[in-house]
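Overview (structure and organization)
One-letter residues, chain by chain:
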Amino acid sequence: MATNTTHGDASAAPQDITAQALAAALGDGGGLALLDVRDHGVYARGHLFLASSAPYWRLELDIDRLVPRRSARVVLVDGGEGLATDAARKLQRLGYDNVSVLHDGIHGWEQAGFPLFTGTNVPGKAFGEVLEHELGTPHIDADELKRKLDAGDRIVVVDSRTPEEFADFSLPGAHSLPGAELVYRIGEVAPDPNTLIVVNCAGRTRSIVGAQTLINAGVPNRVVSLKDGTMAWLMNGDTLRHGHVAPAPEPSGDSLATARQRAHAMAQRAGVNALDAGELAELFADTTQTVYRFDVRDREEYQAGHLPGWRWAPGGQLVQATDEYAATRGAHLVLADWDGVRALTTAAWLAQLGGFTVHVHPVAQAPVLETGAERVTVLNAYDHATRWVAPTQLQHWLEQGGVAVLNIDNSVAHAQRHVRGAQFVAPSALIAHVQRQRALDPAVHVVLVSEDGQLARSAAHELIERGLDGVSPLLGGTQAWIRAGLPTDAGRASILTQDDDTWYGPYVFLDLEERNRKFNTYLDWELGLVAQLAGEPRVDINLNGSIAAR
């Protein structure tokens, strides 16, 4: 992880932009990054369709990946409380010189007659619903699938979520085939064209997109999505496997050749073009364009060797959560793999999702490779020295008293496991909470905790900038604390704020009745997205590269 301190002119007040002007700018063909700077949980309660979540307190950690070009047009959105103006000044300090603020925030957008959307990854999830609505992507109900499996019918179930999600829970007998792996590996798990292929995920989107991927690829099998995914399976009274790992085999020979033919046909229909090394260099050299570079293979392949500077984005996730990876609409997305399948199939979907110019960069053998995890650039808006506290030192302070430990990262993760003695405070409530603590005890030392320490470091600098001294981040965060074998606790009793910090998915609820209610609410929300798109001023979905269900 690299850090970088950049200070621009933060004295100039950011310009306002009206809702009508923003709607026009989103369709004018130029690049524009639309960022909602409220806490993620607040964002999920209502936001603009094309807005990426970029919480104010995480800007220094996330902005380089979301908006890599400092001269890109950036429009910031808040709830009208002035947070976007603060964020604009911070971005100006970080070198962004074309930043505007949506006048009156989300309220100004609504007053102009434009809709707000709840939930997360809305463009990708709406895309899945449009696929099923427009193309008639076939599905199978959970109870019918269970009957067929019990009867021993010729069925292969493939799970299109990430390997980590699959290991958490999966359908009995399912294979792990994340979205970009479907065309690449399906011949290894379903070589018989008479086998029914069922694609599932936790809800709807990746089931639908996964099934339609195989249909678009022209596999001879009958392909269906599992209607409402593992949510429906659980509400049907059935159980899931936990801790299972079942990756599909690597294709080779005729199987790989067939997968390549299918992927090329998909990309060609969607209008995806390939860039050679010279064309890629020319695109990078154009300083007026934002370019995102993604390696869409699996984690192990990426870490074993990838093109220098290329980010990792597994293909299925890149389609569902494009707003988390590439915030600049109108940018160029360049995808690479080594097999001639996964980048093409992912690019075909991104081209139909719309809003970007999509390319692939075929890689045979690169002379120079980077290894290991993706390198992340963390920016610094302020010049304050970081006064880290080591885990053992914090443990000593906790034993002696006079220290307040505040976890600010994620309340869901906090409930699962946290530093013993820590309380959770949403970042947006942090200043007020520390001020109250100081009023009660001016001598108390505040230690901030996040997963790896980086968010805590950034927040500590922000508090110091606002005159609140005596604040330090925990070195290495919760991860280092656990590695050191120091005591931890679990549970929600120490969470001092509500669910502003993050979106609570329905699977986090342990009471079955409450969980099933959340399941139904979530599924109804997904099903309602197509109708809600009717009021959205900018929808770029184009399904010309897809094939209606047989």
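Residues numbered from 1 in each chain as written. Predicted model: local features only at pLDDT ≥ 70, side-chain atom pairs only at ≥ 80, totals over all residues. Heavy atoms only, no water.

**What to know about the overall build of the chain**
- If you tally the helices and strands in the chain, you get 24 helices and 24 strands.
- Sequence-distant contacts in the chain: of pairs separated by 6 or more residues, those separated by 24 or more amount to 79%.
- In the structure as shown, the chain presents an accessible area of about 22100 Å², 49% of it carried by carbon and sulfur atoms.
- Taken as two groups, the 46 positive and 67 negative side-chain charges of the chain have centres that lie 2 Å from each other. (Helix = DSSP H or I, 4+ residues; strand = E, 2+ residues; numbered from the N terminus. Contact = heavy atoms within 4.5 Å. Areas by Shrake-Rupley, 256 points an atom, 1.4 Å probe, with all protein chains shown as cover. Lys, Arg positive; Asp, Glu negative; His and termini not counted. Charge placed at Lys NZ, Arg CZ, Asp CG, Glu CD.)

**Topic: the sheet that holds strand E22 (residues 445-449)**
- Strand order in the open sheet formed by four strands is E21-E19-E22-E23, and the pairing between neighbours is parallel. Taken across any chain shown, the strands that pair with only one partner, and hence form the sheet edges, are strand E21 (423-424) and strand E23 (471-473).
- With respect to the sheet, helix H20 (residues 430-440) is in contact with strand E19 (403-407), E21, E22 and E23, its orientation differing from that of E19 by roughly 170°.
- Across the face of the sheet, helix H21 (residues 454-465) comes into contact with E22 and E23 while running at roughly 165° to E23. (Pairing = 2+ DSSP bridges. Axes fitted to C-alpha atoms, helices over the stretch in contact; angles between N-to-C directions.)

**Focus: the nonpolar core**
- With 104 residues, the main nonpolar core has Leu 22, Leu 34 and Leu 48 as its most contacted residues.
- With seven residues, the single largest contributor to this core is helix H17 (residues 342-353).
- If we ignore the near neighbours within four places in the chain, the residues touching Leu 48 are Leu 22, Leu 34, Val 77, Leu 102, Ile 106, Trp 109 and Leu 116.
- Core analysis: the next-biggest nonpolar cluster, separate from the first, contains 43 residues, Ala 33, Ile 431, Ala 456 and Leu 468 among them. (Core = buried A, V, L, I, M, F, W, Y, C linked by side-chain atoms within 4.5 Å. Buried < 20%, exposed > 50% of the residue type's maximum accessible area, 1.4 Å probe, protein only.)

**Regarding the UniProt feature "domain: Rhodanese" (unreviewed entry) in the chain**
- Summarizing the sequence annotation, UniProt attributes the feature "domain: Rhodanese" (unreviewed entry) to residues 28-118, 151-242, 295-391 and 399-490 in the numbering used throughout.
- Helix makes up 37% of residues 151-242 and strand makes up 17%, while its end C-alpha atoms are separated by 23 Å.
- Segment residues 295-391 splits into 30% helix and 22% strand. End C-alpha atoms: 35 Å apart. (UniProt positions renumbered as here; feature names shortened; annotations may be inferred.)

**Details of the packing of helix H3 (residues 59-66) against helix H4 (residues 83-93)**
- Running from N to C, H3 and H4 cross one another at 70°; their axes reach a closest spacing of 12 Å. Judged on the interaxial angle alone, H4 and H3 are roughly perpendicular. Considering how the two elements wind past one another, H3 and H4 form a crossing that is right-handed. Contact with H3, carried on its side by Leu 59, Glu 60 and Ile 63, involves Ala 87, Lys 90 and Leu 91 of H4 and no other residues of that element.
- When its residues are assigned to classes, the contact of H3 with H4 shows four nonpolar, no polar and two charged. (Parallel < 35°, antiparallel > 145°, perpendicular 65-115°, else oblique. Left-handed = near helix turned anticlockwise from the far one by under 90°. Nonpolar A, V, L, I, M, F, W, Y, C, P; charged D, E, K, R; others polar.)

**Here we look at the domain arrangement of the chain**
- On domain assignment, one finds that the chain holds domain 1 (15-119), domain 2 (136-250), domain 3 (265-360) and domain 4 (391-489).
- For domain 3 versus domain 4, the distance between C-alpha centres works out to 38 Å. (Domains from an automatic or database assignment.)

**A word on the side chain of Arg 38**
- Inspection of the secondary structure assignment puts Arg 38 in the loop between strand E3 (32-36) and helix H2 (40-44).
- A polar side-chain atom of Arg 38 sits 2.7 Å from a polar atom in the side chain of Asp 36.
- At 2.7 Å, the side chain of Arg 38 and the backbone oxygen of Gly 46 are in polar contact.
- If near-sequence neighbours (up to four positions away) are discounted, Arg 38 is found in contact with Tyr 43, Gly 46, His 47, Pro 55, Val 77, Asp 78, Gly 79, Glu 81, Leu 83 and Ile 106. (Polar contact = N/O pair within 3.5 Å; in protein donor to acceptor, adjacent residues only side chain to side chain.)

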